[in-house]
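# Structural overview for review
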Amino acid sequence: MNEIRSISAKQVGRDVPRLESRQKVTGRAEYTHNITLPGMLYAKLCRSTVAHGRILSIDVSAARDLPGVHAVYTGETIRTLIAEPYFGPAFHDQPILAIGKVHFVGEPIAVVLAADPYVAAEAAQMIVAEYEELPAVFDEVEAMTSAAIVHETLKPAGTFADLKHLSGKSNTNVALDYQLRRGDTDAAFAAAEHVFEHEFHTQQVMHTPLEPMVSIAEPGDNCLTIYTASQSPSFVCTEIARLFGWRENQVRVKVPYLGGGFGAKLYIKLEALVAAAAMLARRPVKLSLTMEEQFYTITKHASTFRIKSAVNKDGRITARRCEIFWNGGAFADIGPRVTQKSGFTSPGPYDIDNVSVDSYALYTNRPPAGALRGFGIPQLVWAYESHTDLLARGIGMDAVEFRRRNLLREGRPQATGTLMHDAAIIEVLDKTAELMNWTAPFERGEGVIRRGRAIAIGFKAVVAPTTSGAIVNLSADGSAALYMSTVDMGQGSDTAMAQIVAETLGLVAERVKVVHPDTDVTPYDMATLGSRSTFHMGNAVKLASLHALEQLGAMAREVGLPEGTNYEIRDIFLKKYGMQAGNIIGVGSYVPPYTSPQKGTGLSDNVTPFWMVGAAGVELSVDTETGHVTIDRLINVADVGRPLNPAIVATQLSGAAMMQLGFTLFENMDLDHGQVTNASLADYKIPGMHDLPTVMDNVIVDNNQQNGPYGAKGVGETATFGVSPAIANAIEDAVGVRLTSLPLTPESVLRGIRALRGEKLEG
Amino acid sequence: MKFDGGFTVPAEREIVFARLNDPHFFASCLDGVSELVEVDPTHFTARLATRIAYIKFNFAISVEIAEIVAPSRVVAKSEGTPLGIVGRLTALATADLQASVAEDGSAQTEVTYEIDVSLAGKLGSIGQPVLRSKAREMERSFVEKLHAAFATAPDGTVQEIVS
């Protein structure tokens, strides 16, 4: 079929249905789980049963002797192939299989390969390991001073300049200490009218992608093809090549659709293990985790946040001190980046002259923690917006008015010194207050039901201002294909990027083909994370499309067509080649400017190319007899720049808010001596339809991100920001109970109510 | 998982203490214990067979008596490995014995205990609610058997003093 150019593009801002929706609802979308290869072996893992210990022995003989078992490997076997089999984006601290020592309950110590996955699973249970148990540390604050040291020596990967000074450091669990110093906090506190200090906690939770992690490696002749459910195919390629001492072109990484990622499938997870096992066995190897195993693989940081503020008599915040402890678990993963990047914005979206931040990444003997939809920001907003409400309450000022008085305005320097541009903070606050009818009287409930309402607002800097590349192939019939390594994990990136191609080239978005990540075919992209794709890849896609358009214009001129010709693309090609032949390749690459923060002060004139701003407004009812909280209304208001696809943006906002609702009200990984005791969906509850707010509104404020593609910016995390503190603030508004630890369970609410009444709650 | 509780045994403290320190007697009060081996006076090994939610498990158990203060306190550390599945059971149990006098004037002993049990591996990750009720069941059965062994009480029952 010939491609017809759209008369007026208008592809951006249109609710284009997801390009893959038909494939998904008919079960035809490709997922790594569905891939099998000839001669493929299934891998099953044997995991550590102690939180911290030296490995005395691993007896794999019974497992190896089980009929049907192809091979059993331990860390020592891996070492015969790779001398230093440690990986990680920030530190090379994670062994492919444990070597010498185990660092948490659930760490993989051996892998069994068999053609039948059930045989492999049975054999994995026959492996007997002996350990000399070592003292363990589980709490992030205790880890600062604990005698239990998780890693004897720190091994920064060398990727990040601010980690290099930690190389070879021993006798510490601190994997990064980020400091920000601005103004004179001591003097400001000494002169303050009011000083408030609080401590907040968040719990360890899990991403729970409904498609658990899965990777396959297929060995070739000094090369490997890896099929994997990964958010970062380019990183997998680089890191596998590094481990094997290969060129990048010896590793091919292919990623189809993902059944959710949320940060769980970033960097390397299972890929190094399947790659090593496949090279040892000389057969394709597939490892699919169970839901239970995901709890041992990557989680969200538990945290402790100590926050202190000085407020003057006019209700202005004059100083703020933040101390944040991030529980990174046994391996750093991307924790040091969470620590630093979230450190930038930990004082909140407020204009404060005197700021001091200390943000610590800590190793503990828990399952590792990494990025989860917000890169630490939801933990921070939870604390600083709970604190903000307490400040307003403390000086007797309306919570919205107090925020309005203190919020950062266009052109003002944020805590790092970077000037605020294109961040609709005030607009988001005002829109939230307007939608909540904030100035009108509020129905307070009656009898045992008490009602409350509150708001919270947060913001985020870009965590990865890094490189994205794209290729647009314009064929002789006028159809276009987009080659990029952004991973569509359900967020709708294929559709949004196709809209950018279509808008730029004057095509119809539905007919743009998107070629999925394949490092042999699609260009480099740092990763699909931290709401970076719309902006970074969007800009690269736009540049590639413009490059193709420029070449098309040149071709038209070459065949004698006037500037601005209305000839169809195919006719221009026909004139040039005399037949339907040839193509135009447009390439684009984008990396935004960024200035690393100065060591010591943490200041920078450019920490981010754009800001994400999100607020939540909550109305809720508390049953004072049971402590049960019903969210009557949740309003999510966001600045997303100009939405490329408003319908998809709305689903991103509602999805993020629902996810955060689970982290706020009930999700919690229970640990007993380091063992996760609720590692299944039977015991670890995620939100279901019955848990959703009675009413939920998702609203976008008008804004234009000037350096974004067609005015757009990232949106995947924005609606997570305000949910937790808005609910906690509304609970206090309803029943006077202030909760400072997540999750906000009915039990904790009820204990608070009983405590206020001076009644003891049993147990 | 932490458990605590207590019960009253209708016998003198010295007698109760001596019996509780006899591994063969102690094991006879626990369901499913077999192959008890006394390695030395403070170290024992045994096998424990139990059913958890309709699935039968066998544990190889080793026990170390970590502290003895006759006739008032015993602290035991146990470690068990389930057979055929990767896992690890650890328990630290403390029992305190207090002498008292029953209403009829006869000597009795109040036993209070604390047990901290943890289970790692698949059993620990997904089975804790089931295990908790199983542990409670084993605890009840232990108390009943212990009482039966001292079945000289006037009313023939063991009185729980802490729930």
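A brief report on the enclosed structure follows. None of the values given here were measured: they were computed from a predicted structure.

### Description of the overall build of chain B
- Of the regular secondary structure elements, chain B holds four helices and eight strands.
- Sequence-ordered secondary structure for chain B, helices as α and strands as β, is β-α-α-β-β-β-β-β-β-α-α-β.
- Since a compact globule built from 163 residues should have a radius of gyration of about 15 Å, the 16 Å found for chain B is in line with a globular shape.
- Over its C-alpha atoms, taken along the principal directions, chain B stretches across nearly 50 × 35 × 25 Å.
- Put simply, chain B has 163 residues, and 41% of those count as buried.
- In chain B, of all internal contacts separated by at least 6 residues, the share reaching a separation of at least 24 is 51%.
- In the form shown here, chain B has an accessible surface area of approximately 8600 Å², with 55% of it arising from carbon and sulfur atoms.
- When the 15 positive and 22 negative side-chain charges of chain B are each reduced to one mean point, those points stand 11 Å apart.

### A word on helix α12 (residues 399–406) of chain A
Residues and elements named next belong to chain A.
- Listing the buried residues of α12 in full gives Ala399, Val400, Phe402, Arg403 and Asn406. Buried residues along α12 cover an arc of 160° about the axis, so they all sit on one side.
- Next to the buried residues of α12 lie β16 (302–311), β17 (317–327), α11 (377–395), α13 (425–435), β20 (449–461) and α18 (723–735).

### Some remarks on helix α16 (residues 569–577) of chain A
Residue and element names in this part refer to chain A.
- Taken together, the buried positions of α16 are Ile569, Ile572 and Phe573. Viewed end-on, α16 has its buried residues packed into an arc of 100°, placing them on one side of the element.
- A positive phi of about 75° marks Gly578, the residue just after α16.

### Points about the sheet that holds β17 of chain A
Residue and element names in this part refer to chain A.
- Reading across from one edge, β9-β18-β17-β16-β10 is the order of the five strands in this open sheet, with mixed pairing throughout. Of all the strands in the sheet, the pair left with one neighbour each is β9 (174–182) and β10 (194–202). Going from strand to strand, the sheet's axes swing by 5° on average, the running direction of each strand aside.
- With nine bridges connecting them, β17 and strand β18 (residues 354–362) associate as parallel partners. Counted as the bridge partner of Phe325 is Tyr360 from β18.
- Strands in contact with helix α10 (residues 335–345) are β9, β17 and β18; relative to β9, the strand with the most contacts, it is inclined by about 10°.

The rules we used
- Residues numbered from 1 in each chain as written.
- Chains lettered and ligands numbered in written order.
- Predicted model: local features only at pLDDT ≥ 70, side-chain atom pairs only at ≥ 80, totals over all residues.
- Heavy atoms only, no water.
- Helix = DSSP H or I, 4+ residues; strand = E, 2+ residues; numbered from the N terminus.
- Rg over C-alpha atoms; globule rule 2.2 N^0.38 Å.
- Buried < 20%, exposed > 50% of the residue type's maximum accessible area, 1.4 Å probe, protein only.
- Contact = heavy atoms within 4.5 Å.
- Areas by Shrake-Rupley, 256 points an atom, 1.4 Å probe, with all protein chains shown as cover.
- Lys, Arg positive; Asp, Glu negative; His and termini not counted.
- Charge placed at Lys NZ, Arg CZ, Asp CG, Glu CD.
- Arc of directions from axis to C-beta.
- Pairing = 2+ DSSP bridges.
- Axes fitted to C-alpha atoms, helices over the stretch in contact; angles between N-to-C directions.

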